[in-house]
Amino acid sequence: MDLRPAEVTSILEKEIQGYGGDSRMQSVGTVLSVGDGVARVYGLDDCMMNELLEFPGGVRGVALNLEEDNVGCVLLGDAAKVREGDTVKATGRIISVPTGKQLLGRVVNALGDPVDGKGPLGTSEADLRPIEQAAPSVVERQPVTEPLQTGIKAIDAMIPIGRGQRELIIGDRQTGKTALIIDTILSQKFTGGGDPANTDQVICIYVAVAQKQSTVVDIVRRLEAEGAMQYSIVVTASANDEASMQYLACYGGCAMGERFRDEGRHVVIFYDDLYKQALAYRQVMLLLRRPPGREAFPGDVFNLHSRLLERAAKLSDEAPTINPRFQAGGGSLTALPVVETQEGDVSAYIPTNVISITDGQIFLESSLFNSGVRPAVNAGISVSRVGGAAQIPAMKKTAGSLRLELAQFRELAAFAQFGSDLDKGTQAKLTRGERLVEILKQGQYEPVEVANQVIIIYAGTSGALDDIPVNRVLEFEKALIEHVADALPEAGSQIRSSKKAIPAETAAAIDTAIATVKGQLGL
């Protein structure tokens, strides 16, 4: 074969001219040791805190300990695939999750990967948001004044929650904490008809931390059956997931909610529960050899919860002009964290931490639950620090005396147990109290629209129920709501739009409806 030097030269010149070498610098390291879901890596000199790292076999990790000669990171996958001496690549980005309307109706894990078998999310790189974000500053917020209706009479009447508030749900296991959350999610259908495209529709995010997978499946099925899944996102880090996934899930869910809030939407997020998150965080930190403190929790366990809950806010209408990060003003992110107590001990480490961070707490009591008062809300020690500012005026006026009357009833009921003769005034208070306790009961998955709540509580506080037998109060309540819906269809809008108490003509019509229903039921 005859090789001509001129031809070879021309071919090489063409190859050199067309060469577009993609040379780039990448930070790589080597695994020094691995075990219990934690790896120590040497060589990542420019690694960032919370940076996402790539290990062989598709396993990812998060850098948490930046030490002088190595990086301590937790693995977010099967640790058995990682070996000593493996090469680790730095991604150059903080751990992020996909966000946006594509996640509505989906079940995802702590990293935003779908786990519901419905295919990919369809999000892009532009939809990724870091799980750790700075909370809105004071000037970027506005006071909490807009109510978030839970559909639960005892809460909306006595412990009102506002959009942008942080309200703790606290109680022992099996007291109805998760049931309260599901009812609140179902109640949000009243805001926008369940249509996520409607800007009035409140978006719900449920973060399940260390829950049984069967429990999460039951919740998702219930939400789908009630038509609530279309405006909800479920983030799950189940009991068999790595501890690192369990503690990161809350931050991932919060980042998803912040995307909607920053676009001017209203979001409510439920963390179920923060005690299990603290246990997972303790496990990870002890494996990373951080020094233990009280109850073996690391010293920054308070900050773990405070920086998460501080991201709940009602944005100012001028927020976009102050900070371009916000695309629209007026949005809100409401946080309803759950903390499980042991034997009702609210003075333990994690419960007191979260109580001091939040704007009030709803205390669910085992003794009330077991005696048939459900939801088992203890109105005595439950409180909302936003208060009447987060109620519609008609509810504020109608339910104003409810807490005091219930407190007097409980005190007198304890006294009446001794069997002494009671005067007429005391007997009247006991009679009224028994009926108020009865109207605050409601079935599971049966949220009540706020105007109907006002009508029921009006009937109770006005004394209209005093002559009805206790065992027929709930029957009367149901009949009254059905009658008002048929005979007074405009009453609901009048109650919701009233700037003060229930309008006089509406109140008179409700009194007439009460008398009519009593006659129909033979009461």
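Predicted model, so just to flag it, every value in this text is computed and none were measured.

Asks: Would you explain the overall build of the chain in this entry?
Replies: Looking only at helices and strands, the chain features 18 helices and 17 strands. Its C-alpha atoms give the chain principal-axis dimensions of roughly 120 × 50 × 40 Å. The buried share of the chain, taken over its 523 residues, is 52%. Within the chain, counting contacts between residues at least 6 apart in sequence, those at least 24 apart form 73% of the total. Across the chain, the 52 positively charged side chains and the 66 negatively charged ones have centroids separated by 3 Å.

Asks: Mind showing me how you'd approach the sheet that holds strand 3 (residues 51–54) here?
Replies: The pairing of strands in a sheet happens through backbone hydrogen bonds and is either parallel or antiparallel. Taken together, six strands build a closed barrel; the order of strands is 1-2-5-4-3-6 and the barrel is antiparallel. Between one strand and the next, the sheet's axes are offset by a mean angle of 45°, whatever the strand orientation.

Asks: Explain the layout of surface pockets to me, please; I cannot follow it from the model alone.
Replies: Over the atoms rolls a probe the size of a water molecule, and its path tells where empty space is left. Empty space within the largest pocket amounts to approximately 790 Å³. Residue lining of the largest pocket: 29 residues in total, with Gln174, Gly176, Lys177, Thr178 and Ala179 positioned closest to the centre. When contributions to the lining of the largest pocket are tallied by element, the ones reaching two or more residues are helix 3 (177–187) and helix 5 (213–225). Broken down by element, the lining of the largest pocket gets its largest block of residues, six residues, from helix 3. Classifying every residue of the lining of the largest pocket by side-chain character gives 10 nonpolar, nine polar and 10 charged.

Asks: Sorry if this is basic, but what is going on with helix 7 (residues 274–287) here?
Replies: The α-helix advances 3.6 residues per turn, and as a result positions three or four apart in sequence lie on the same side. With 14 residues, helix 7 should reach 20 Å at 1.5 Å per residue; the first-to-last C-alpha distance of 20 Å fits that figure. Along helix 7, the positions that sit buried rather than exposed are Leu274, Tyr275, Gln277, Ala278, Ala280, Tyr281, Val284 and Met285. One or two positions beyond helix 7, positive phi appears at Arg289, with a value near 65°.

Asks: What is the right way to look at a nonpolar patch on the surface in this model?
Replies: A cluster of nonpolar side chains, Val8, Leu12 and Ile16, forms an exposed patch at the surface whose accessible area comes to about 290 Å². Take Val8: it is sitting in helix 1 (residues 5–17). By relative accessible area, Val8 is classed as partly exposed at 36%.

Asks: Just to check I follow, could you spell out the packing of aromatic side chains for this structure?
Replies: Describing an aromatic ring pair means giving the distance of the ring centres and the angle of the ring planes. Applying the stated rule across the entire model yields two aromatic pairs. Ring plane angle 55° and centroid distance 5.9 Å describe the contact between Phe297 and Tyr349, whose orientation is recorded as tilted. Placement of the pair is Phe297 in the loop between helix 7 and helix 8 (301–309) and Tyr349 in helix 10 (residues 349–357), with a sequence separation of 52 residues. For Tyr349, a relative accessible area of 14% translates into the label buried. Here the basic side chain of Arg282 rests over the ring of Phe297, its NZ or CZ set 4.5 Å away from the ring centre. Its end group placed over the ring of Phe369, Arg374 keeps NZ or CZ at 4.0 Å from the ring centre.

Asks: Just checking my understanding: could you explain the pattern of salt bridges for this structure?
Replies: Side chains carrying opposite charge are able to pair once their charged atoms draw close together. Within this structure, the stated rule accounts for 30 salt bridges. For Asp262, the salt bridge goes to Arg325, with nearest N and O atoms at 3.7 Å. Residue Asp262 is found in helix 6 (residues 243–262), and its partner Arg325 is found in the loop between helix 9 (319–322) and strand 15 (332–340); the two are separated by 63 residues along the sequence. Look at Asp262 and you get buried, because its relative accessible area is 1%. Arg472 serves as the salt-bridge partner of Glu475, at 3.0 Å between the closest nitrogen and oxygen. On the accessibility criterion, Glu475 (37% relative accessible area) is partly exposed. In the salt-bridge network here, residues are joined through shared partners; they are Arg129, Glu258, Arg261, Asp262, Arg311 and Arg325.

Asks: Looking at this model, I keep getting lost on the nonpolar core. Mind explaining?
Replies: Generally speaking, nonpolar side chains in soluble globular proteins are found buried as a group. By size, the foremost hydrophobic cluster in this structure holds 78 residues, and its most contacted members are Met158, Ile185, Leu223, Ile362, Leu402, Leu480 and Ile495. Leaving out residues up to four positions away in the same chain, Met158 has contacts with Ala379, Leu402, Arg403, Leu406 and Leu440. Formed by 62 residues, the second largest nonpolar core is a distinct cluster that contains Leu168, Tyr247, Ala255 and Leu288.

Rules and cut-offs
Residues numbered from 1 in each chain as written. Predicted model: local features only at pLDDT ≥ 70, side-chain atom pairs only at ≥ 80, totals over all residues. Heavy atoms only, no water. Helix = DSSP H or I, 4+ residues; strand = E, 2+ residues; numbered from the N terminus. Buried < 20%, exposed > 50% of the residue type's maximum accessible area, 1.4 Å probe, protein only. Contact = heavy atoms within 4.5 Å. Lys, Arg positive; Asp, Glu negative; His and termini not counted. Charge placed at Lys NZ, Arg CZ, Asp CG, Glu CD. Pairing = 2+ DSSP bridges. Axes fitted to C-alpha atoms, helices over the stretch in contact; angles between N-to-C directions. 1 Å grid on protein atoms, 1.4 Å probe; cavity = no way out; pocket = protein on both sides within 12 Å on 5 of 7 lines; lining within 4 Å. Points joined across faces, edges and corners; volume = space filled by probe spheres on them. Nonpolar A, V, L, I, M, F, W, Y, C, P; charged D, E, K, R; others polar. Expected span 1.5 Å × (residues − 1). Patch = residues over 30% accessible without salt bridge, like charges linked within 9 Å, V, L, I, M, F, W, Y side chains within 5 Å. Areas by Shrake-Rupley, 256 points an atom, 1.4 Å probe, with all protein chains shown as cover. Salt bridge = Lys/Arg side-chain N within 4 Å of Asp/Glu carboxyl O. Phe/Tyr/Trp six-rings, centres within 6.5 Å; stacked < 30°, edge-to-face > 60°. Lys NZ or Arg CZ within 6 Å of the ring centre and 35° of its normal. Core = buried A, V, L, I, M, F, W, Y, C linked by side-chain atoms within 4.5 Å.

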